[in-house]
Amino acid sequence: MSTSATGSKTQNGGGVAAPPDVDAVVVGAGFAGLYMLHRLRGMGLSVRVFERGSGVGGTWYWNRYPGARCDTDSVEYSYEFSDELQQEWRWTERFATQPEILRYAEHVADRLDLRRDIRFESTVTEAAFDEAAGHWRVATDNGVRISATYFIMATGCLSAVNRPSFDGLDRFEGEWYHTGAWPHEKVSFAGKRVGIIGTGSSAIQSIPVIAAEARHLTVFQRQANYSIPARNAPLDAAKYAAIREQYGEWRRRGKENPAGCWWVLNPATAEELSEEERRRELEARWQKGGLSMYGVFNDVLVNPAANDVATDFIRSKIRAQVHDPRVAALLSPHSFIGCKRICLDTDYYATFNRPNVTLVDISNAPIEEITRTGVRTGGSDFELDTIVFAIGFDAMTGPLLRVDIRGREGQTLKAKWTDGPRSYLGLAVEGFPNLFTITGPSSPSVLTNMIPAIEQHVEWIADCIAHALARGRPRIKATRAAEDAWISHHDEVAAGTVFPGCNSWYVGANIPGKPRRVTPYTGGFPAYIEKCEEVAANGYEGFTLAV
Ligand code: N01
């Protein structure tokens, strides 16, 4: 097989090396992989995509737990690269359900005829850069061996589940599930005593749904989270039509928002507002629902005093919803808001007023073990028929490090990242030529609306490859100096925010032994886009090109 357009000129020990099998291997067929395939194909390159699941959709293929929805408004959560695509697709609700988002991914795959280059149920296990040939040699768990000039990880940020490692789980006689790897069939909770471990976004969405069906639901909470009402509703047809007419303008505005979203960032700091004005601003965003609380004051994520104003307000809202003051107190976080992902809910707090729901505080008494019949914590046994692990992900680095990636001189990515990830712009890693990571560590990624973040990366990577190919020098390497400078800027910006101050998955605190560092770029999407554009305009500053 020799279809590549990129590799025929490489030298190997004096001879001419065989061209690679394809120009690019892309790992993952979620929104990143789908668009990367489409874009590279459009450049005339041959591409092979490998996908672990049996269908497209990535995150939205796996996360089928009860109540799963996106927390970005559906009208914003779609590709903008094709006006045809954004005009023909119709969302039905303010926040789309997982099945609807999956249908959208499938629609895109069909519409752009992407499936013929995707190999499903194929997990990439190894990828090594062959220095002499200038190719990546990639292996999958089902025996495929393939070489490619470019190796692109489109594996997402939240695709490596945090596997439950509780003692005794193998002895549990009931059923158990992980929210991030949910079965395709409906799971019935009717008549069951269900326990859910975790109170992050996945749990906060599923708890009200499970509670409505189960005989009893016990919620095991380690840290409480701030949750804002989603205020989900069917989309208003007239408003939606008006948005579609002005899609370009809305998308442009999104690029000016620190999170790549359409909510409005308050230009004022908390201190610049009177108490009455602050209260009005907080109340308006609470009533509107969604994630606009991130922009309630200009300094809410960088100034602890401003943050306190917002958290006092939200705690008062929790107290107003939860009848039992002891339970309300347990559900009230005391951390900064935003340093852990803000959650959106439909009736989350009110669910704790139901007689069939119990909250168990495990902040000082970790789960000791899973017994044959349930969960043991704090010396008490909780009898359960079903356990739901809503314990999240080995975020951002997990999906990259579970592939054995070896760069120059056999260096592994795992070894390079022993003390935490190092990357140039979250796009490329020094020592790993022709490897690109879409929404990788030290890019804004999970702090933004993911689809615009993905599109920006895919387009930047495609342009970078086109630049290298046009010069007949396909080998692209990030320099050590550029990587060091980016990481030191990244760390400096993060140090001025609330992010280091919480035990969140943003800093890796949820995974025992994971090096602690703020992983996404906290400087905002506009500043990041500007930096990427500047790098490209300066001839891909910080990269070297070679034959
Ligand atoms: O995972 P999480 P998630 N013993 O890591 C607890 C996105 N998302 O799947 O906080 C006991 O947030 C853990 O406790 P603690 C979104 O970006 C989006 O809910 O670490 N408890 C925490 O309560 C989100 O942030 C959407 O102390 C343990 C929970 O499990 C991200 O995905 C929907 C434990 C994990 O919460 C991840 O969300 C869903 C242990 N050993 C997800 N280990 C939407 O778009 C962990 N926990 C709406």
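Rules of the game
Each residue is numbered by its place in its chain's sequence as written, counting from 1. In keeping with the model being predicted, local features are shown solely for residues with a pLDDT of at least 70 and side-chain atom pairs are shown and tallied solely at 80 or more, while totals for entire chains, interfaces and linings include all residues. Hydrogens and water molecules were not included; the side-chain quantities draw on all heavy atoms of the structure. Salt bridge criterion: a side-chain nitrogen from Lys or Arg within 4 Å of a carboxyl oxygen from Asp or Glu. Near, as used in this document, describes a residue that has one of its heavy atoms within 4 Å of the molecule or strand being considered. Two N or O atoms form a polar contact when they lie within 3.5 Å of each other; inside protein one atom must be a possible hydrogen donor and the other a possible acceptor, and for residues adjacent in sequence the pair counts only when both atoms belong to side chains. For the area figures, the Shrake-Rupley method with a 1.4 Å probe applies, and any residue is considered shielded solely by the protein chains shown. The pairing test for Phe, Tyr and Trp rings, Trp by its six-membered ring, is centres within 6.5 Å, and the orientation test on the planes gives stacked under 30 degrees, edge-to-face over 60, and tilted for anything in between. By definition, any uninterrupted DSSP run of H or I lasting at least four residues is a helix, any uninterrupted run of E lasting at least two residues is a strand, and each is numbered from the N terminus. To sort residues, take the accessible area from a 1.4 Å probe on protein chains only and compare it with the maximum for the residue type: under 20% means buried, over 50% means exposed, and anything in between is partly exposed. Each patch is assembled from residues with relative accessible area greater than 30% and no salt bridge, linking like charges that lie within 9 Å and nonpolar side chains (Val, Leu, Ile, Met, Phe, Trp, Tyr) that lie within 5 Å. Charged-residue counts in this description rest on Lys and Arg as positive and Asp and Glu as negative, His and the chain ends being excluded. By convention, charge coordinates are those of NZ in Lys, CZ in Arg, CG in Asp, or CD in Glu. Only when DSSP finds a minimum of two bridges between them are two strands counted as paired. With strands facing away from the observer, any crossover in which the path from the first strand over the helix to the second runs clockwise is taken as right-handed.

Trainee: I'd like a description of the pattern of salt bridges, backed by residues and values.
Mentor: One pass over the full model with this rule turns up 35 salt bridges. Put simply, Arg41, Asp113, Arg116 and Asp117 are held in one network by salt bridges that share partners.

Trainee: Describe the site of the ligand, listing the residues and the values that go with them.
Mentor: Every one of the 24 residues lining the ligand counts as a neighbour, but Thr199, Ser202, Arg222, Gln223 and Lys340 are closest to it. Between the ligand and serine 202 there is a distance of 2.6 Å, counted from an oxygen atom to a side-chain nitrogen or oxygen. The contact in question runs from an oxygen atom of the ligand to an N or O atom on the side chain of glutamine 223, over 2.8 Å. Starting from 900 Å² of accessible surface for the ligand in isolation, the protein chains cover 89%.

Trainee: Pulling in residues and values, what's your account of the packing of aromatic side chains?
Mentor: Scanning the entire structure with this criterion turns up 33 aromatic pairs. Plain terms: the ring middles of phenylalanine 31 and tyrosine 79 are 5.5 Å apart, the flat faces sit at 80° to each other, and that makes the pair edge-to-face. A residue pair is termed long-range when its members are at least 10 positions apart, and phenylalanine 31 in helix α1 (residues 31-42) and tyrosine 79 in the loop between α2 (59-62) and α3 (83-88) qualify at 48 residues. The pair phenylalanine 31 / tyrosine 79 is uniform in exposure class, with both members buried. Consider the rings of tyrosine 247 and tryptophan 262, whose centres lie 6.2 Å apart with planes at 75°: the pair is edge-to-face. One end of the pair, tyrosine 247, is in helix α7 (residues 247-254); the other, tryptophan 262, is in the loop between α7 and α8 (275-288), with 15 residues separating them in the sequence.

Trainee: Run through a negative patch on the surface, naming residues and quoting values.
Mentor: Negative charge collects at one region of the surface, where Glu530, Glu533, Glu534 and Glu541 lie side by side. When you line up the elements, glutamate 533 lands in helix α16 (residues 525-537). Glutamate 533 gets classed as exposed once you look at its relative accessible area, which sits at 53%.

Trainee: Hey, could you go over the pairing of strand β4 (residues 47-50) for me, with residue numbers and the actual values?
Mentor: Here β4 shows a buried face lined by Val47 and Val49 and a second buried face lined by Arg48 and Phe50. Bridging between strand β3 (residues 22-27) and β4 involves four bridges; their strand directions are parallel. Bridge assignment links valine 27 to a residue of β4, and that residue is phenylalanine 50. One crossover worth recording links β3 to the parallel β4 by way of α1, and it is right-handed.

Trainee: I'd like a rundown of the side chain of threonine 497, residues and numbers included.
Mentor: Take threonine 497: it is sitting in the loop between α15 (480-495) and α16. Owing to a relative accessible area of 15%, threonine 497 belongs among the buried residues under this scheme. At 2.7 Å, the side chain of threonine 497 forms a polar contact with the backbone oxygen of alanine 494. Only 3.2 Å separates the side chain of threonine 497 from the backbone nitrogen of phenylalanine 499, close enough to count as a polar contact.

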